[in-house]
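Spelled out, the chains give:
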Amino acid sequence: MKKTFLAVSFLALSLGGCAGTSSTAAFTSEPVEQSDVQWSLVDSVDVEAINADLEIGKPTVDIGLYYPSNLHRDAVEKLPLSGLVEEFLNAKKVFEPTGVQFKLLWIKTGQVDPQHLAITASNWETDLPSGGYGNMYVQSAIHPTEMSDGAVAAFETIIEPAPENSRTIYLVAMQNVYMPYYEDLDGGRNWAPKVVNTSGLSFPSYTYADTIPDRIRGVITLTKHDATNKLTIAHELGHKLMNVSHEYRDVSPQHEIRSDDGLMLYGSGMQIPSGQEGRWHQERLLLSPYIYRADAAGERVWNADFQAGGVYYDPIYGDYAVQFD
């Protein structure tokens, strides 16, 4: 299909309202490994209890959660820590039928430079309008989107250096994350630049390829709790781990489509289908470079990393890629 809204094909679902009267959680002052931010572990959430159901040998994804302590009070109301924990627990349930489990490494808080709490996600000049030749995945591979300098600076400040940075998912609470794109005004001749304020953004490799520094490639931003369906985190993890856009069965990638079928569409759907009719979602998930299997001694065996920057048709997926116009 002809792709019009290329740059925003992966925006998070935006259902649900503000998160009521929740307030900032109680935090410890226990210092964690130093970085540009003085992070501390949150003791109001029992991470060990959240991980109690993890099984040895199952496909596992490591996930860390950063929750700045100086978010504006209105941002805290829209994105309470309690809501994020609720969504994380729901994401575990959504992915459970696939055999993939999520390990919460930690929840950390700290003072972040306010300029890093609101960013533009990408550089305008790299977000080309659809040329109409080849599907959106083909076009993204030729002209990948590039993260903005401000976004790179923010994530390099927030995400701490660690041996497995490139294999770890980082959920980062922020105040505003703006996504620029071009809207087709008249069938491909004239385009209008627009900006969307996202609820969640996964910076997926099918759009960004290898333009994101490895240390921060696992970032996912969150700015609004999905109080209705509790699916923002699950949806964004779907983008990052399955490496697909908004699509489901016979629905090819598009800017926005609302349905109660399929995790990767906007709505209450939680299905992650398999096989060609399911657009190979489960198969692609199980091949994700963010997945490992650990033995009883804790030794981890990682999936193969991307061979072509992580584009949709990356060789690691073999035949698990849909060919469409």
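Participant: Please clarify how helix α7 (residues 232-242) should be interpreted in this entry.
Facilitator: Structurally, the α-helix is built with 3.6 residues per turn, so residues lying three or four positions apart point the same way. Of all 11 residues in α7, 11 are buried, a share of seventy percent or more. For α7, the complete set of buried residues consists of Thr232, Ile233, Ala234, His235, Glu236, Leu237, Gly238, His239, Lys240, Leu241 and Met242. One or two positions beyond α7, positive phi appears at asparagine 243, with a value near 60°.

Participant: Honestly, the side chain of threonine 145 in this entry has me stumped. Any pointers?
Facilitator: Mapped onto the elements of the fold, threonine 145 is located in the loop between α4 (136-142) and α5 (149-158). Residue threonine 145 is classed as buried on the basis of its relative accessible area of 5%. There is a polar contact of 3.0 Å between the side chain of threonine 145 and the side chain of aspartate 127.

Participant: Whenever I open this one, the sheet that holds strand β7 (residues 191-197) confuses me. Can you help?
Facilitator: Sheet strands pair by backbone hydrogen bonding; their relative direction is either parallel or antiparallel. In spatial order, the strands read β4-β6-β7; together these 3 strands make up an open sheet with mixed pairing. Pairing within the sheet leaves two strands with one partner each, and these edge strands are β4 (118-120) and β7. Looking at each pair of strands side by side, their axes are set apart by 25° on average, direction ignored. Sheet analysis places β4 next to strand β6 (residues 176-184), joined by 3 bridges and oriented parallel. What sits directly across from alanine 118, in β6, is asparagine 176.

Participant: Which parts of the structure should I look at to understand the packing of aromatic side chains?
Facilitator: Remark: the centre distance and the inter-plane angle together describe each pair of aromatic rings, the angle taken between the planes. The final tally for this structure, using the stated rule, is 15 aromatic pairs. On the basis of an interplanar angle of 5° and a centroid distance of 3.9 Å, the ring pair of tyrosine 137 and tyrosine 312 is categorised as stacked. One end of the pair, tyrosine 137, is in helix α4; the other, tyrosine 312, is in the segment after β11 (300-302), and 175 residues separate them in sequence. According to the relative accessible area criterion, tyrosine 312 is buried, its value standing at 0%. With 5.9 Å between their ring centres and 85° between their planes, tyrosine 137 and phenylalanine 324 make a pair best called edge-to-face. In this pair, tyrosine 137 sits in helix α4 while phenylalanine 324 sits in the segment after β11, placing the two residues 187 residues apart along the sequence. With respect to class, tyrosine 137 is no different from phenylalanine 324; both count as buried. Of the aromatic side chains, those joined through ring pairs into one cluster are Tyr137, Tyr206, Tyr312, Tyr313 and Phe324. Positioned above the aromatic ring of tyrosine 290, the side-chain terminus of arginine 217 is 5.4 Å from the ring centre.

Participant: Even after reading the chapter, I still don't get unusual backbone geometry, so can you show me in this structure?
Facilitator: Peptide bonds are, in most cases, trans, and in most cases residues other than glycine have a negative phi. The phi dihedral of lysine 230 falls on the positive side, at around 60°, and the residue is not glycine. Positionally, lysine 230 belongs in the loop between β9 (219-222) and α7. In this structure lysine 230 comes out as partly exposed when scored by relative accessible area, which is 24%.

Participant: Would you explain the packing of helix α3 (residues 81-95) against α7 in this entry?
Facilitator: Axis angle and axis distance: for two packed helices, these are the angle between their axes and the distance between the axes, and together they describe the pair. Look at α3 against α7: their axes get within 7 Å of each other, and the N-to-C directions meet at 55°. Between α3 and α7, the crossing angle belongs to the class labelled oblique. Counting all contacts with α3, which are made through Leu84, Glu87, Phe88, Ala91, Val94 and Phe95, the residues of α7 involved are Thr232, Ile233, Ala234, Leu237 and Gly238. Considering only residue class, the contact of α3 with α7 consists of 8 nonpolar, 2 polar and 1 charged.

What counts as what
Residues numbered from 1 in each chain as written. Predicted model: local features only at pLDDT ≥ 70, side-chain atom pairs only at ≥ 80, totals over all residues. Heavy atoms only, no water. Buried < 20%, exposed > 50% of the residue type's maximum accessible area, 1.4 Å probe, protein only. Helix = DSSP H or I, 4+ residues; strand = E, 2+ residues; numbered from the N terminus. Polar contact = N/O pair within 3.5 Å; in protein donor to acceptor, adjacent residues only side chain to side chain. Pairing = 2+ DSSP bridges. Axes fitted to C-alpha atoms, helices over the stretch in contact; angles between N-to-C directions. Phe/Tyr/Trp six-rings, centres within 6.5 Å; stacked < 30°, edge-to-face > 60°. Lys NZ or Arg CZ within 6 Å of the ring centre and 35° of its normal. Parallel < 35°, antiparallel > 145°, perpendicular 65-115°, else oblique. Contact = heavy atoms within 4.5 Å. Nonpolar A, V, L, I, M, F, W, Y, C, P; charged D, E, K, R; others polar.

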